[in-house]
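Residue-level structure breakdown
What follows is the residue order along each chain.
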Amino acid sequence: MEQKALYDYLLLLGDNPTILGQRLGELCGHGPELETDIALTNISLDLFGQVRNYFQYAAEVAGNGATEDSIAMLRLEHEYKNALLVEQPNIDFAHVICKQFLFDVYHQLLLNELVNSKNDQIAAIAKKSIKEVDYHVDFSSTWMQRLGDGTEESNEKLKKAVDFLWRYSMELFEATETETLMAEMGVGPDLNTLKPLYLEKVKEVFALSNIEMPEKTTFQFGGKTGRHTEYMGYILAEFQYMQRAYPNMQW
Amino acid sequence: MENNTRDLEAEFQARIDRGENIEAKDWMPEKYRKTHIRQISQHAHSEVVGMLPEGNWISRAPSLRRKVALLAKVQDEAGHGLYLYSAAETLGISRDELVEQLLDGTAKYSSIFNYPTLTWADMGAVGWLVDGAAIINQVMLTKTSYGPYARAMVRICKEESFHQRQGYEIMLALCNGSEAQKRMAQDALNRFWWPSLMMFGPRDEDSPNTEQSMKWKIKKKTNDELRQQFVDQTVPQADILGLIIPDPDLKWNDDKGGYDFGEIDWDEFWDVVKGNGPCNQKRLDDRNAAWDNGKWVREAAIAHAEKQASRRVSKSA
């Protein structure tokens, strides 16, 4: 029972970077400038590195012949536990940055807690990942300010992105049964304690970016329990393509 | 005045002959400057356009390990583009001007990137053959006379040789795999073999700039010599993979100590150079779309930096 919960928790930890990394990978070669292209690819690379750590450990925990690849690529859509936020499309650079920022701030808070996890493996992965994620936060919050403060056009585009994406932010803090159990066991944090810190940081960066906190948002939930948006199936169609078309092969 | 220039040119050539590097602030003949701007920027554009056919497989890489390696590789290429644009800028032209030349189609880039990447095996073939061919050219360029270019090349070569091994390793995994994987590998070799040979440029007799380039040490070997070196190095590697080079005329020639190989389809070569390859239009469209869609982002970054600077000034006043 505990092993099953631990396995599920590793999916919760690994699926967000998987799907966000996949979205970032779509941008490679298409960024507004070489420097941003490099940075976004680098973030994708960091995230997939973290995913490999989580899923190699999950494969050990599962112990049924599973591998990092079978866990990453051979599940059905409803078995993915990523938040809806990270599967949202790269509509424009403002959406890319805003999505990244809203996730990065959460990710940093989460990892800062996970370094103290009672599970040594998770603590070690968090310790390694936090350095990378500190840079991600720096990158995305700096770009939030550039876009928000830059021109009228960029401010307008960022506002639109914030208005669209903010509805997906609170799902990050909506604990699933697994997360509640892991918090009780001292493996993961109580997400409720992270929420005020998150709101504080987001408000601070929004203010520096001339963006107001959206009012009266109807928040969207479901990804973490397997009910995704329409985009998810298409993401998986690409992500899983080779593993589905050529099953059981070595690459 | 004319005599002066002639003296300068003679001294310039003497420096190159002595093996000295020419640096950005040194006097150089205008033709030397222009040739280098053209060549270094073409090289930079090739790195940047080259991100597209490989970027095409990032979202579909077959395993996490391969995905991470491919992301890292494409990121390296963007980095090479950056150093090369910087090296070109030392010759008195801006990166924006160079990018404009790429986007409006006046600048060239390596034609190999106008071929499509249709299967995962193409990531192997591109690394093995395309990076393999590129390295042969680039190793030579680490000794080129223009200092900033030569130094950029030293670093690029290190990363490229890693990419080539990575590409070969992808091919090796496929060739040790299932029938479907071997077929995929052979098909990729069939499509990339001839375009890779074309990467060394026209035959020596059709390459009028070679002599001047040799004098300036931009080139130390001719196109045909380099092409021969590539064939000789690659055929045994294909043998290890158990793949067949798609050239019925390929055979070992004891007298020359190298392989004889068939005639390149030069009509195809010139067609692709002139913009009529399978993907020329798409590659340029993609680069143009990235640039156009990024305009407001670049403007925002500049506007923000200016506002920050003026805020700092008013604070300190």
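Everything that follows concerns the structure shown earlier in this document.
Let us look at the structure shown here. (Residues numbered from 1 in each chain as written. Chains lettered and ligands numbered in written order. Predicted model: local features only at pLDDT ≥ 70, side-chain atom pairs only at ≥ 80, totals over all residues. Heavy atoms only, no water.)

1. Looking at the overall build of chain B
- Of the regular secondary structure elements, chain B holds twelve helices and two strands.
- Along chain B, from the amino end to the carboxyl end, the secondary structure elements read α-α-α-α-α-α-α-α-α-β-β-α-α-α.
- Compactness check: chain B gives a C-alpha radius of gyration of 22 Å against a globular reference of 20 Å for 317 residues, within 12% of the reference.
- Along the first, second and third principal axes, the C-alpha set of chain B runs to 75 × 55 × 35 Å.
- Here chain B holds 317 residues, and the buried ones make up 54% of them.
- Restricting to contacts in chain B with at least 6 residues of sequence separation, those with at least 24 account for 76%.
- Accessible surface for chain B amounts to roughly 14,500 Å². Of this, 52% is attributable to carbon and sulfur atoms.
- Charged side chains of chain B number 42 positive and 48 negative; the gap between the two group centres comes to 7 Å. (Helix = DSSP H or I, 4+ residues; strand = E, 2+ residues; numbered from the N terminus. Rg over C-alpha atoms; globule rule 2.2 N^0.38 Å. Buried < 20%, exposed > 50% of the residue type's maximum accessible area, 1.4 Å probe, protein only. Contact = heavy atoms within 4.5 Å. Areas by Shrake-Rupley, 256 points an atom, 1.4 Å probe, with all protein chains shown as cover. Lys, Arg positive; Asp, Glu negative; His and termini not counted. Charge placed at Lys NZ, Arg CZ, Asp CG, Glu CD.)

2. Re the side chain of K99 of chain A
Residue and element names in this part refer to chain A.
- Counting through the fold element by element, K99 comes out in helix α4 (residues 93–114).
- In this structure, K99 is buried with no salt-bridge partner, the nearest side chain bearing the opposite charge being E26 at 6.7 Å.
- Beyond its immediate chain neighbours, meaning those up to four positions away, K99 contacts L20, R23, L85, V86, Q88, P89, N90 and L165. (Salt bridge = Lys/Arg side-chain N within 4 Å of Asp/Glu carboxyl O.)

3. Topic: helix α9 (residues 223–241) of chain B
All names here are of chain B.
- If you check α9, its first and last C-alpha atoms are 27 Å apart, about what 19 residues at 1.5 Å a residue would give, namely 27 Å.
- Among all positions in α9, only N223, L226, R227, Q228, F230, V231, T234, V235, A238 and L241 are buried.
- Where the residues of α9 are buried, they touch α5 (121–141), α6 (147–175), α7 (179–198), β2 (258–260) and α10 (266–273). (Expected span 1.5 Å × (residues − 1).)

4. Considering the interface of chain B and chain A
- On the side of chain A, 47 residues touch chain B, which itself brings 47 residues to the contact.
- When chain B packs against chain A, close to 4,000 Å² is buried across both sides, 69% of that on carbon and sulfur atoms.
- Broken down residue by residue, the surface that chain B buries against chain A is led by L64, Q75 and W296 of chain B, which jointly contribute 19%.
- On the surface where chain B and chain A come into contact, there are two salt bridges.
- Among the ionic pairs, R311 of chain B bridges to D149 of chain A, the shortest N-O distance being 2.8 Å.
- Between chain B and chain A we count 15 residue pairs in polar contact (both at pLDDT 80 or more) in total.
- In terms of residues, the side of chain B that touches chain A owes the most to one element, helix α3 (residues 64–89) of chain B, which gives 14 residues.
- The residue makeup of the side of chain B that touches chain A, split by class, is 27 nonpolar, nine polar and eleven charged. (Buried area = accessible area lost by both parts, 1.4 Å probe. Polar contact = N/O pair within 3.5 Å; in protein donor to acceptor, adjacent residues only side chain to side chain. Nonpolar A, V, L, I, M, F, W, Y, C, P; charged D, E, K, R; others polar.)

5. Things to note about the packing of aromatic side chains
All names here are of chain B.
- With the rule as written, the count across this model stands at 21 aromatic pairs over all chains.
- Seen from their ring centres, F12 and W27 are 6.0 Å apart, and the 85° between their planes marks the pair as edge-to-face. Of this pair, F12 sits in helix α1 (residues 2–17) while W27 sits in the loop between α1 and α2 (30–55), and the two are 15 residues apart along the sequence.
- Cluster of aromatic residues (ring-pair linked, three or more members): F12, W27, Y32, Y146 and W216. (Phe/Tyr/Trp six-rings, centres within 6.5 Å; stacked < 30°, edge-to-face > 60°.)

6. Regarding the nonpolar core
- By size, the foremost hydrophobic cluster in this structure holds 171 residues, and its most contacted members are L102, L147 and Y198 of chain A together with W120 of chain B.
- When residues of this core are assigned to their parent elements, the largest contribution, 15 residues, is made by helix α2 (residues 34–62) of chain A.
- In this view, Y198 of chain A contacts L102, V105, Y106, L109, W166, S169, M170, L172 and F173 of chain A; residues no more than four positions away in its chain are not counted. (Core = buried A, V, L, I, M, F, W, Y, C linked by side-chain atoms within 4.5 Å.)

7. Observations concerning the packing of helix α1 (residues 2–25) of chain A against helix α9 (residues 231–239) of chain A
All names here are of chain A.
- At their nearest, the axes of α1 and α9 sit 11 Å apart, and the two run at 75° to each other. With respect to α9, the element α1 is oriented roughly perpendicular. Contacts between α1 and α9 pair T18, I19, Q22 and R23 from the former with Y231, M232, I235, L236, E238 and F239 from the latter.
- Split by residue class, the contact of α1 with α9 holds six nonpolar, two polar and two charged. (Axes fitted to C-alpha atoms, helices over the stretch in contact; angles between N-to-C directions. Parallel < 35°, antiparallel > 145°, perpendicular 65-115°, else oblique.)

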